[in-house]
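# Architecture at a glance
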Amino acid sequence: MTRTVAFVGLGHMGGPMAANLVGAGHRVLGYDVVPEALAAAAASGVEPAASAAAAAAGADVVITMLPAGRHVLELYGERGLLASARPGTLFVDCSTIDVADARAAHAAARAAGHRALDAPVSGGVVGAEAGTLTFMAGGGAEEFAEAEPFLSAMGGKVVHCGSAGAGQAAKICNNMILGISMIGVSEAFVLAESLGLDHRALYDVASTASGQCWALTVNCPVPGPVPGSPANRDYRPGFAAPLMAKDLNLAANALRAGGVDAQLGLKAAELYAAFAEGDGAGLDFSAIVRTIRGSGAGTATASPASPASPASPASPEETTTDGTAP
Ligand code: NAD
């Protein structure tokens, strides 16, 4: 059934997501503070609105895809999104934000007589363009059931994780595993170098042994063993280090708020924050291997890249399109 969707935040992710809703036959009223983003969305069939509030006023569902929690809360409140929508409108926030902000957004929507779902995504720009994102949703069963067809039009997998904030919780827990495991894999390769162990030999053992993980077999931080990994293209992202730093910071906030003694999660947040502000600003998050290599005092003897193994797993492009990437 054709419905009217307001889509606010038409950036790298929101632009292609809104285009996929148009492709699924929905009427999409779009808004972004950056005119170029609005114009690009209009070219793919999104109807430009004069403001976010104007888009929400005529919609059945309001989807936001914004940089951070403060943008979502400002938009919901001061900028009049909740006030302008018809009573009972479903608000779906797909941005990656603090769990506490997500719960505050749910509460604000409910207080204004609406319904809400947090539904952050995994899969990156490649997944947004291909319509293969993974959505992690938090909110009531009814809200989830109503949002599901819209999310399915933009994604390959939609998981109901629990009540308000559960989608954001799933997102930051997953990315905390990823950040810690990328540092672990990178440290193992640098240790191998100092011991004179070839990258290929470590890869062939660890990829089929207990060291196996996505950071190793898909996004391998050294060039050679996984031909499609960003390490083979000078660490062009992929999943940019500043986005990993952002997600780990959200995880660190939640760890502190909950009094959870997760020392590796906090350390990973600290390492990625420094990396993203420095050498890693424009690089894939796997480039942190360079920092680890550079900061050691050992006798590093980097091993040359080896040819691809026939047993190498799928490239990131293949995996991002099935929604398994960050
Ligand atoms: P982006 O900066 O490209 O897009 C955000 C858009 O929001 C921008 O176009 C900006 O102009 C717009 N915006 C900001 N404030 C606004 C307001 N008040 N009203 C209207 N528009 C406003 O960012 P992105 O890469 O599209 O990421 C969006 C969200 O998705 C973030 O929370 C990010 O963490 C998350 N995310 C990104 C990726 C990725 O690979 N880029 C992957 C997963 C999740």
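The following refers to the structure shown.

Cut-offs applied
Residues numbered from 1 in each chain as written. Predicted model: local features only at pLDDT ≥ 70, side-chain atom pairs only at ≥ 80, totals over all residues. Heavy atoms only, no water. Phe/Tyr/Trp six-rings, centres within 6.5 Å; stacked < 30°, edge-to-face > 60°. Helix = DSSP H or I, 4+ residues; strand = E, 2+ residues; numbered from the N terminus. Buried < 20%, exposed > 50% of the residue type's maximum accessible area, 1.4 Å probe, protein only. Core = buried A, V, L, I, M, F, W, Y, C linked by side-chain atoms within 4.5 Å. Contact = heavy atoms within 4.5 Å. Pairing = 2+ DSSP bridges. Near = heavy atom within 4 Å. Polar contact = N/O pair within 3.5 Å; in protein donor to acceptor, adjacent residues only side chain to side chain. Areas by Shrake-Rupley, 256 points an atom, 1.4 Å probe, with all protein chains shown as cover. Nonpolar A, V, L, I, M, F, W, Y, C, P; charged D, E, K, R; others polar. Salt bridge = Lys/Arg side-chain N within 4 Å of Asp/Glu carboxyl O. Right-handed = clockwise from strand over helix to strand, strands pointing away. Arc of directions from axis to C-beta.

## With respect to the packing of aromatic side chains
According to the stated counting rule, one finds four aromatic pairs in the structure shown. For the ring pair Phe 239 and Phe 285, a centre distance of 5.6 Å and an interplane angle of 75° mean the geometry is edge-to-face. Taken together, the residues Phe 239 in the loop between α11 (214-217) and α12 (241-258) and Phe 285 in the loop between α13 (263-277) and α14 (288-295) connect sequence positions 46 residues apart. The two residues Phe 239 and Phe 285 agree in class, both being buried. Judged by centre distance (6.3 Å) and plane angle (75°), the rings of Tyr 272 and Phe 275 are edge-to-face. Here the residue Tyr 272 and the residue Phe 275 both occupy positions in helix α13, the gap between them amounting to three residues, near one helical turn. Like Tyr 272, the residue Phe 275 is buried in the burial classification. Each member of the aromatic cluster is reached from another via a ring pair, and the members are Phe 239, Tyr 272, Phe 275 and Phe 285.

## Details of the nonpolar core
Core analysis: the largest hydrophobic core is formed by 52 residues, its most contacted members being Phe 7, Met 17, Ile 63, Val 92 and Phe 135. If you tally residues by element for this core, the top one is helix α8 (residues 141-154), at five residues. In contact with Met 17, not counting residues within four places along its chain, are Phe 7, Met 65, Cys 94, Val 121, Ala 128, Leu 133, Phe 135 and Met 154.

## Some thoughts on the pairing of strand β8 (residues 133-138)
Where burial is concerned, most of β8 is hidden: six out of the six residues are buried. Because side chains alternate across β8, one face comprises the buried residues Leu 133, Phe 135 and Ala 137, and the other comprises Thr 134, Met 136 and Gly 138, equally buried. Sheet topology note: the strand β7 (residues 121-122)/β8 ladder contains two bridges and is antiparallel. Across the sheet, the residue bridging to Ser 122 is Thr 134, located in β8.

## Examining the site of the ligand
Near the ligand, the surroundings consist of 22 residues, among which His 12, Met 13, Asp 32, Leu 66 and Lys 246 are the closest. Between an oxygen atom of the ligand and a main-chain N or O atom of Met 13, the distance comes to 2.8 Å. Within the backbone of Thr 96, an N or O atom sits 3.0 Å from an oxygen atom of the ligand. Alone, the ligand offers 840 Å² of accessible surface; in the complex the protein occludes 86% of this. Counting only elements with at least two residues in the shell around the ligand, the list comes to α4 (69-76), α7 (124-130) and α12. In the shell around the ligand, the residues fall into 12 nonpolar, seven polar and three charged.

## Comments concerning the pattern of salt bridges
Counting across every chain of the model gives nine salt bridges. Salt-bridge contacts for Arg 79 lead to Glu 74; the nearest nitrogen and oxygen are separated by 3.7 Å. With a closest N to O distance of 2.9 Å, Glu 146 and Arg 115 form a salt bridge. Pair noted here: Glu 146 is in helix α8 and Arg 115 is in strand β6 (residues 115-118), with a separation of 31 residues, a long-range link. Taken together, the shared-partner salt bridges in this structure form one network comprising Arg 3, Asp 60, Arg 86, Arg 115 and Glu 146.

## Brief notes about the environment of Glu 142
By secondary structure assignment, the location of Glu 142 is in helix α8. Sequence separation of Glu 142 and Ser 152 is 10 residues, and the distance between their C-alpha atoms is 16 Å.

## Thoughts on the pairing of strand β1 (residues 4-8)
Counting buried positions along β1 yields five of five residues, so the element is predominantly enclosed. A two-sided burial pattern is seen for β1, the buried positions comprising Thr 4, Ala 6 and Val 8 on one face and Val 5 and Phe 7 on the other. For β1 and strand β2 (residues 27-31), the ladder comprises five bridges, and the chain directions are parallel. Counted as the bridge partner of Thr 4 is Arg 27 from β2. Taken together, β1, helix α1 (residues 14-23) and β2 form a β-α-β motif whose crossover is right-handed. Where β1 lies against strand β4 (residues 61-64), four bridges are found, and the strand directions are parallel. Within the sheet, the bridge partner assigned to Val 5 lies in β4 and is Val 61.

## So, helix α2 (residues 35-43)
Because each turn of an α-helix spans 3.6 residues, side chains separated by three or four positions in sequence point in the same direction. Residues of α2 that are buried: Ala 37, Leu 38 and Ala 41. For α2, the buried positions fall inside an angular range of 100° around the axis, keeping them on one side. Set apart from the buried face of α2 by more than 90 degrees, the exposed residues are Pro 35, Glu 36, Ala 40 and Ala 43. Looking at the packing, one finds that the buried side of α2 touches β2 and β3 (47-48). Positive phi shows up at Gly 45, right after α2, with a value of about 100°.

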